[in-house]
Amino acid sequence: MLEEKLKNVNHRIDAVIVDANFTAKKFIPSDERDLSGLRNSMRLIGEYKHLPFYLYTQRVNLSDLVDEDELSYFKDNNAIFYKGNGLLPLLNRIKNDVDNYNSAEFQIDNQFEKELYYFQIFDKQCNANSHHFIRELLIQSREGSLTGTEKYFNQFRSEILDNMNTVAAFFGIVPEGLSINDFSRFLCSKAEKYKLKEEVFPKALHMLMEYVVRMVQDGSHNNGNLQYWVRQFVSENKDTLIIQSLLFATIELMSWFIPYLATHTDKQLNLAIWQKQS
């Protein structure tokens, strides 16, 4: 069975080719028109999204034998090839697709699909470019090609933190006009001028938020009254790990922010959660 092969094969699988006529069961089919395996493959395609599937068949009348949605994946991906003159095009297609599936771009888009979608939603809220920024950092991190990382501190501040503060203020989640440092203190229930009636930000993320803000604020400058001299350290040591730590910490923060925002769009209700101290 195809399902057993996918689960139990010891070597790496790069692609899956299915025929129209194969059984989904263990016994040999009595009917050569058995399409149960093809129908079952639609479920497997959903479970093995990291693998490309191809239909290689003799039958040109499949649309008459199965429902339209049972062929939708193969049609949408132009992955139907017919036996005979379709073998060479199939082999060339597999080579190109496997190269693409093994690329850092595909692996990142597949692994971080949900998280990158949050950044797309975020960009629509504030006309930012965070999705491209975060995706490129993830790709470079996967490829090991991160260089000159000191320049990224400003982008973390301008693309992520500044805009997160602005969007939160627009919906009344935080007061308007907060600095980045005050934004962090407010969410972590440490703002002296404001009192929260209930927790907005998970306590488990308090230290993460403070870390991101402190490092980004310090790293955005190269002189002056700095506490950590992060930018200088990163530049002199060709360090990439600090930027990678900020990358994944920022992904974690956005993975909280967007779902929270989706359920807290009523500004008046949000404003009622906190009050300014007299």
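Notes on the structure in this doc start here.

Conventions used here
All residue numbers refer to positions counted from 1 along the written sequence of the respective chain. Totals for whole chains, interfaces and linings use all residues, but because this is a predicted model, local features are given only for residues with pLDDT of at least 70 and pairs of side-chain atoms are given and counted only at 80 or more. Computation of side-chain values: all heavy atoms of the structure, hydrogens and water removed. Only rings of Phe, Tyr and Trp enter the pairing, Trp through its six-membered ring, and a pair is recorded when the two centres are within 6.5 Å. The plane angle decides the type: under 30 degrees is stacked, over 60 is edge-to-face, the rest tilted. Secondary structure elements follow DSSP: runs of H or I of four or more residues count as helices, runs of E of two or more count as strands, with numbering from the N terminus. Relative accessibility thresholds used throughout: buried, under 20% of the residue-type maximum; exposed, over 50%; partly exposed, between the two (1.4 Å probe, protein chains only). By nonpolar core we mean a set of buried residues, namely Ala, Val, Leu, Ile, Met, Phe, Trp, Tyr and Cys, connected to one another through side-chain atoms within 4.5 Å. The contact criterion used is simple: two residues touch if any of their non-hydrogen atoms lie within 4.5 Å. The term salt bridge refers to a pairing of a side-chain nitrogen on Lys or Arg with a carboxyl oxygen on Asp or Glu at a separation within 4 Å. Counted as a polar contact is a pair of N or O atoms within 3.5 Å, where, for protein atoms, one must be capable of donating a hydrogen and the other of accepting one, and residues adjacent in sequence contribute only when both atoms are in side chains.

Turning our attention to the packing of aromatic side chains. Using the criterion set out here, one finds 14 aromatic pairs in the structure. Taking the centre distance of 6.5 Å and the plane angle of 55° together, the rings of tyrosine 54 and phenylalanine 81 count as tilted. One end of the pair, tyrosine 54, is in strand S2 (residues 53–57); the other, phenylalanine 81, is in strand S3 (residues 80–82), with 27 residues separating them in the sequence. With relative accessibility at 1%, the residue tyrosine 54 sits in the buried group. Note on tryptophan 256 and phenylalanine 257: the rings are 5.9 Å apart at their centroids and 50° apart in plane angle, and the pair reads as tilted. Exposure remark for tryptophan 256: the relative accessible area of 12% places this residue in the buried category.

This brings us to unusual backbone geometry. Positive phi, close to 55°, is recorded for asparagine 127, a residue that is not glycine. Within the secondary structure, asparagine 127 is located in the loop between helix H7 (113–126) and helix H8 (130–143). Its identity as a non-glycine residue notwithstanding, tryptophan 229 has a phi of 55°, on the positive side. For tryptophan 229, the location among the structural elements is in the loop between helix H11 (206–219) and helix H12 (230–237).

As a further point, take the nonpolar core. Side chains of nonpolar character tend, in soluble globular proteins, to be buried together. Grouped together as the largest cluster of nonpolar side chains are 61 residues, with contacts concentrated most on Ile134, Phe156 and Phe257. Of the residues forming this core, the biggest block, 13 residues, is contributed by helix H13 (residues 241–262). In contact with phenylalanine 257, not counting residues within four places along its chain, are Phe122, Met164, Val167 and Ala168. Listed in part, the 23 residues of the second largest apolar core include Leu6, Leu51, Phe53 and Val98.

The next subject is the pattern of salt bridges. The full count for this structure, using the stated rule, is 10 salt bridges. Two residues, arginine 135 and aspartate 109, come together in a salt bridge whose shortest N-O distance is 2.7 Å. One end of the pair, arginine 135, is in helix H8; the other, aspartate 109, is in helix H6 (residues 104–111), with 26 residues separating them in the sequence. Its relative accessible area of 32% is what places aspartate 109 among the partly exposed residues. Beyond isolated ion pairs, a larger network of salt bridges with shared partners links Asp109, Arg135 and Glu136.

Attention now moves to the side chain of threonine 149. Take threonine 149: it is sitting in the loop between H8 and helix H9 (152–170). Assessed through its relative accessible area of 2%, threonine 149 is described here as buried. At 2.7 Å, the side chain of threonine 149 forms a polar contact with the backbone oxygen of aspartate 239. Beyond its immediate stretch of four places on either side in the chain, threonine 149 contacts Val234, Asp239, Thr240 and Ile243.

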